[in-house]
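Fold and geometry: a report
The lines below spell out each chain.
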Amino acid sequence: MSMRHRPFGSGHPYAATEDQRVPARPLDGESVELRVRASASVESVVCEWAVDGDAPVELPLGRRNPEAGASAAAKSGAGATSGAEAEPAADSGSGAAVDGGHLAAAQARAARAAAGSWAVRTPVLEAGRRYSYRFRAALADGGSRTSRWFEVSAASWSGDGGKLDVQGADRIVPGSVRWLADADGVQRARFDVALRPEEHVVGFGERFDAVDQRGRDGARLDAVVFEQYKAQGRHGRTYLPMPFALVVGGAASWGLHVATSRRTWYDVGDLLRVEAEVGRDGVLGVRFHDGPEPADVLSAFLDEVGRPAELPSWVFRLWASGNEWNTQERVMAEMDRHREHGIPVGALVIEAWSDETTFTAFRGAAYEASEEPHRLADYTFPADGPWPDPKGMVDELHERDVKVLLWQIPLQKMRPHPRHQAAVDARQLVERGYGVREADGRPYRNRGWWFPLALMPDLSSQQVRDWWTAKRRYLVEEVGIDGFKTDGGEHAWGHDLRYADGRDGAEGNNLFPVHYARAFGDLLRACGKAPVTFSRAGFAGSQPHGAFWAGDEDSTWEAFRSSVRAGITASACGIVYWGWDLAGFSGEVPDAELYLRAAGAAAFMPIMQYHSEFNHHRTPIRDRTPWNVADRTGDERVIPVFRRLVEVRERLVPYLAEQARKAVGGGAPLMRGLFFDHPHDPDVWRYPLQYKLGDALLVAPVTEPDISEISVYLPEGEWIDVWTGRALEGGQEVRLPAPLDRPPVLCAAEHWARLSPLFAA
């Protein structure tokens with residue numbers, strides 16, 4: 001590389017790279033910064049800038065970081081957008097997991113990229129004109145390099161240019177519709193939706209920053225699938241966005257669905273301002289759904305995007321995993337510890353099982369590479385290897401009533417250079433045209449920081465989904481695997497990618513995780529199993545495809561609160577089966593109080609699971625098992641309290657399965673904010689972290705340290721404290737004791753007779 005310029009950079013939705021145009025799509029009256037990455041052999045760079053085909057003028061470029069030091073690049077935030085925390089350059093990542101997370105190596109590469117960056121600011125652009133530019137570099141050896149010509153034009157807002165396809169009661173403010181267009185046509189639509197003073201706005205997918213998005217001091221939301229590694233609540237970003245808002249608090253509830261898979265933005269204040277990318281046809285679908293109750297509105301939305309599918313009751317038992325459980329011996333030892341301590345476990349997620357080049361073969365297995373999918377008999381498992389008998393292990397776990405899920409990634413790794421079966425898979429993917437493609441037809445190479453430059457199968461194609469999952473079929477049919485953790489669905493970056501279903505990246509990227517979970521669900525169904533997938537990424541249309549968890553978080557109280565919000569908001573968009581890494585999965589082991597408070601909340605959520613991040617097998621270990629937390633903290637309460645909570649959870653399984661069936665059938669979500677059942681009670685909004693679990697239970701998680709009692713709001717009706725049997729009248733705030741082993745939970749009086757035995761033991 002002597003010189004590189006990509007007008008849109010890597011496609012990172014929140015940060016600019018050191019080789020792009022900033023802004024990539026300028027407005028009338030703006031100038032742009034043109035950035036070029038150049039190798040050390042480049043001594044100077046000139047931009048030739050032309051207007052409407054006139055003779056070009058020369059604009060000399062200067063170094064963006066004259067000090068050319070990593071520290072200077074790091075301080076610059078590697079091109080982070082205004083108001084955003086420093087991010088690594090989007091195409092400069094590493095799959096290495098080191099202290100600071102798997103973005104640390106990417107940050108270092110970003111610094112190097114900044115050190116080799118040149119830039120120039122153009123004159124102000126005017127709408128209606130076309131601008132062309134190219135770069136010419138002088139090399140130290142006396143030679144030169146010249147880039148191709150690039151074009152840009154300025155966009156401006158006007159009252160016409162596109163069409164809104166509105167269905168339902170039209171709530172769009174008259175005269176508010178605007179269209180953004182440049183010389184190539186319409187790019188975006190913008191419109192305002194009227195809100196009444198008493199209305200609250202919930203939704204937009206899984207959101208970590210707030211339950212009610214109304215009036216948050218100008219905070220702007222967007223809907224784009226993105227891997228925000230930790231601190232999602234501070235950044236306002238999410239793995240699982242949706243262009244859907246549920247409006248509650250007026251005479252009746254209603255919802256807004258911007259019927260697009262392209263990126264959308266939302267400002268929620270006195271009114272709701274919506275901005276959305278549009279396609280070449282300039283048409284944007286807008287759907288308004290009305291209903292007397294929030295559940296009716298949600299049901300109408302699910303009629304559009306797809307309804308959840310019922311999963312088996314075992315998903316409601318405790319899920320256990322740790323990223324360093326990377327041998328059969330270690331896995332069985334942890335399961336033995338569960339049995340020794342009398343802590344029932346229902347599902348085991350094995351993350352570090354595969355060779356991590358194919359994600360189809362157990363690490364250490366001997367086998368011949370093949371063009372055809374392997375069967376179990378094709379593998380030899382050395383007795384002294386990490387997985388001497390995978391099928392025997394799964395059979396034994398099944399005898400113990402433990403289901404098994406295996407971790408997956410939707411990428412074909414290309415670093416290091418693939419060998420053996422990975423080379424066969426990569427060659428097939430390229431030669432058969434099975435990968436997502438760049439605009440010029442080349443296979444797309446992952447631009448993100450995790451598994452950089454990997455190939456990505458085009459799962460929008462049924463043929464590719466069948467090819468990709470056929471390689472894993474033996475795991476289900478013969479080994480007996482019960483589900484898959486479908487991790488990492490956020491790798492599609494770039495508006496101009498090409499998919500087999502005809503969509504470009506702007507329209508198709510958000511749908512990639514939908515196709516991904518669908519592919520593995522279909523595999524499980526084809527093998528006679530329930531479609532249990534466990535995803536962190538998704539979009540509108542993900543609702544029918546398995547279960548979800550809230551992604552990566554530290555073990556902090558702040559992350560705890562963020563995760564509760566995520567569960568309430570995801571459910572408001574139709575996600576029934578949802579969980580989180582209780583007490584966080586990253587960083588130092590949580591203290592006993594945080595761990596047990598988080599376990600107490602998770603015991604009353606749709607999915608209860610613990611997990612821990614890879615820590616290079618350093619000691620002391622960072623597993624989130626109750627025995628390791630007890631050992632690390634020295635707190636003798638951890639194991640008995642955790643055991644008691646899981647025992648209650650086991651007794652709740654039939655109730656949870658019953659209530660999930662109602663939710664799947666069109667009722668209110670399983671985990672839901674109080675506003676679902678009490679939309680006209682303004683006081684429920686003062687307690688945004690309280691929620692219902694099914695029709696009967698009201699949960700008030702303790703999300704602050706050093707608490708012995710808690711204020712709980714009880715909506716109208718009669719409520720029973722499940723631990724004491726004390727009856728309480730609704731329509732008031734009450735103070736309840738909050739011991740670690742008895743998280744504040746109440747039962748609606750009409751359900752108490754049948755549920756009281758669950759809490760008597």
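Looking now at the overall build of the protein. Tallying secondary structure elements over the protein gives 17 helices and 37 strands in all. With the C-alpha coordinates aligned to their principal axes, the bounding extent of the protein is approximately 85 × 70 × 45 Å. Counting all 761 residues of the protein, 61% fall into the buried class. Across the protein, contacts joining residues at least 24 apart in sequence account for 71% of those joining residues at least 6 apart. When the accessible surface of the protein is totalled, it reaches about 27300 Å², and 47% of it is carbon and sulfur. In the protein, 87 side chains carry a positive charge and 107 a negative one; their mean positions are 3 Å apart.

Once that is clear, we can look at the packing of helix α14 (residues 626–633) against helix α15 (residues 638–664). Any two packed helices are characterised by how steeply their axes cross, that is the angle between the axes, and by the distance between the axes. Where α14 contacts α15, the axes come no closer than 8 Å and their chain directions differ by 155°. By the criterion of interaxial angle, the relationship of α14 to α15 is roughly antiparallel. When the axes of α14 and α15 are compared, the crossing they make is right-handed. Listed contacts from α15 to P626, W627, V629, A630 and T633 of α14 are V638, I639 and F642.

Burial analysis of strand β19 (residues 264–268) places four of its five residues in the buried class, the great majority of the element. Pairing between strand β16 (residues 220–223) and β19: four bridges, direction antiparallel. Pairing of L221 across the sheet is with Y266, part of β19. In this structure, β19 lies alongside strand β20 (residues 271–277), joined through five bridges in antiparallel fashion. Pairing of W265 across the sheet is with E275, part of β20.

Moving on, we get to helix α13 (residues 592–602). Counting buried positions along α13 yields eleven of eleven residues, so the element is predominantly enclosed. Here the buried face of α13 lies against α12 (557–572), α14, α15 and β31 (691–693). Regarding α13, its N-cap is D591, as a side-chain oxygen of that residue lies 3.2 Å from the backbone nitrogen of E593 further along.

Let us look at α15. Taking the largest bend as the criterion, α15 deviates by roughly 45°, centred on L652, and proline P654 comes between one and four positions later. Just downstream of α15, G666 is the residue with a positive phi angle, here 120°.

With that settled, consider the sheet that holds strand β32 (residues 697–699). Across the sheet, six strands lie side by side as β30-β31-β32-β37-β34-β35; this open sheet has antiparallel pairing. Strands at the two margins of the open sheet, each flanked by one partner only, are β30 (671–673) and β35 (727–729). Each adjacent strand pair in this sheet contributes to an overall mean axis angle of 35°, direction not counted. Here β32 pairs with strand β37 (residues 745–748) via three bridges, running antiparallel. Within the sheet, the bridge partner assigned to L698 lies in β37 and is L746. On top of the sheet, α12 reaches β30 and β31; it is set at about 95° to β30, its chief contact.

All right, on to the nonpolar core then. By size, the foremost hydrophobic cluster in this structure holds 213 residues, and its most contacted members are F604 and L697. Sort the elements by how many residues they give to this core and α15 lands first, with 15 residues. Among all residues touching F604, those that are not within four sequence positions of it are V648, R649, L652, Y691, L693, L697, V699, W723, P743, V745 and F759. Residues A38, L61, Y133 and A154 belong to the second largest nonpolar core, which totals 22 residues.

Before going further, it helps to spend a moment on the environment of R503. Checked against the element boundaries, R503 lands in the loop between β25 (483–486) and α10 (505–508). Under the relative-accessibility criterion, R503 is labelled partly exposed at 27%. C-alpha of R503 to C-alpha of L246: the two residues are 257 residues apart in sequence and 28 Å apart in space. Within the structure, R503 has its side chain in polar contact with the side chain of D501 (distance 2.7 Å).

Structurally, the position occupied by S299 is in helix α4 (residues 294–305). Looking at S299, the relative accessible area reads 16%, which means it is buried. Apart from the residues within four sequence positions on either side, S299 is in contact with R307 and G666.

Glancing now at the confidence of the model for the protein. Looking at the protein as a whole, its pLDDT mean stands at 93, while 93% of the residues score no less than 70. Long-range and interchain partners of residues 68–101, a stretch whose pLDDT sits below 50, account for 91 contacts in this model, where long-range means more than four residues apart.

One open sheet holds the five strands; their spatial order is β25-β24-β23-β22-β29, and the pairing between them is parallel. Two strands in the sheet have a free side with no partner beyond their single neighbour: β25 and β29 (609–610). Sheet analysis places strand β22 (residues 319–320) next to strand β23 (residues 347–350), joined by two bridges and oriented parallel. Note on β23: the bridge partner recorded for A320 is L348.

The next point concerns the packing of aromatic side chains. All chains considered together, the criterion is met by 41 aromatic pairs. The interplanar angle of 80° and the centroid separation of 5.8 Å between the aromatic rings of Y516 and F520 together place this pair among those described as edge-to-face. Of this pair, Y516 and F520 both sit in helix α11 (residues 512–526), four residues apart, roughly one helical turn. Assessed through its relative accessible area of 0%, F520 is described here as buried. In this structure, R21 packs its charged tip against the face of F8, placed 5.6 Å from the ring centre. Taking the ring centre of Y14 as reference, the NZ or CZ of R263 above it sits at 5.3 Å.

A few words on the environment of E48. Residue placement: E48 occurs in strand β4 (residues 42–51). Considering only alpha carbons, one finds E48 and R134, 86 residues apart in sequence, at a separation of 5.4 Å. Here E48 is in contact with P56, V57, S132, Y133, R134, R136 and W149, once residues within four sequence places are set aside. A distance of 2.5 Å separates the side chain of E48 from the side chain of R136, its partner in a polar contact.

Residues in a regular strand point their side chains to alternate faces of the sheet. Of the two faces of β23, the one carrying A347 and V349 and the one carrying L348 and I350 are both buried. Considered for its hand, the β-α-β crossover made up of β22, helix α5 (residues 328–340) and β23 is right-handed. Here β23 runs beside strand β24 (residues 403–408); their pairing, made up of four bridges, is parallel. When the bridges of β24 are listed, L348 appears paired with V404. As a crossover connection, the stretch from β23 through helix α6 (residues 390–399) into β24 is right-handed.

Reading guide: rules and limits
- Residues numbered from 1 in each chain as written.
- Predicted model: local features only at pLDDT ≥ 70, side-chain atom pairs only at ≥ 80, totals over all residues.
- Heavy atoms only, no water.
- Helix = DSSP H or I, 4+ residues; strand = E, 2+ residues; numbered from the N terminus.
- Buried < 20%, exposed > 50% of the residue type's maximum accessible area, 1.4 Å probe, protein only.
- Contact = heavy atoms within 4.5 Å.
- Areas by Shrake-Rupley, 256 points an atom, 1.4 Å probe, with all protein chains shown as cover.
- Lys, Arg positive; Asp, Glu negative; His and termini not counted.
- Charge placed at Lys NZ, Arg CZ, Asp CG, Glu CD.
- Axes fitted to C-alpha atoms, helices over the stretch in contact; angles between N-to-C directions.
- Parallel < 35°, antiparallel > 145°, perpendicular 65-115°, else oblique.
- Left-handed = near helix turned anticlockwise from the far one by under 90°.
- Pairing = 2+ DSSP bridges.
- Polar contact = N/O pair within 3.5 Å; in protein donor to acceptor, adjacent residues only side chain to side chain.
- Bend = angle between axes of the 7 residues up to and from the residue.
- Core = buried A, V, L, I, M, F, W, Y, C linked by side-chain atoms within 4.5 Å.
- pLDDT = per-residue confidence, 0-100.
- Phe/Tyr/Trp six-rings, centres within 6.5 Å; stacked < 30°, edge-to-face > 60°.
- Lys NZ or Arg CZ within 6 Å of the ring centre and 35° of its normal.
- Right-handed = clockwise from strand over helix to strand, strands pointing away.

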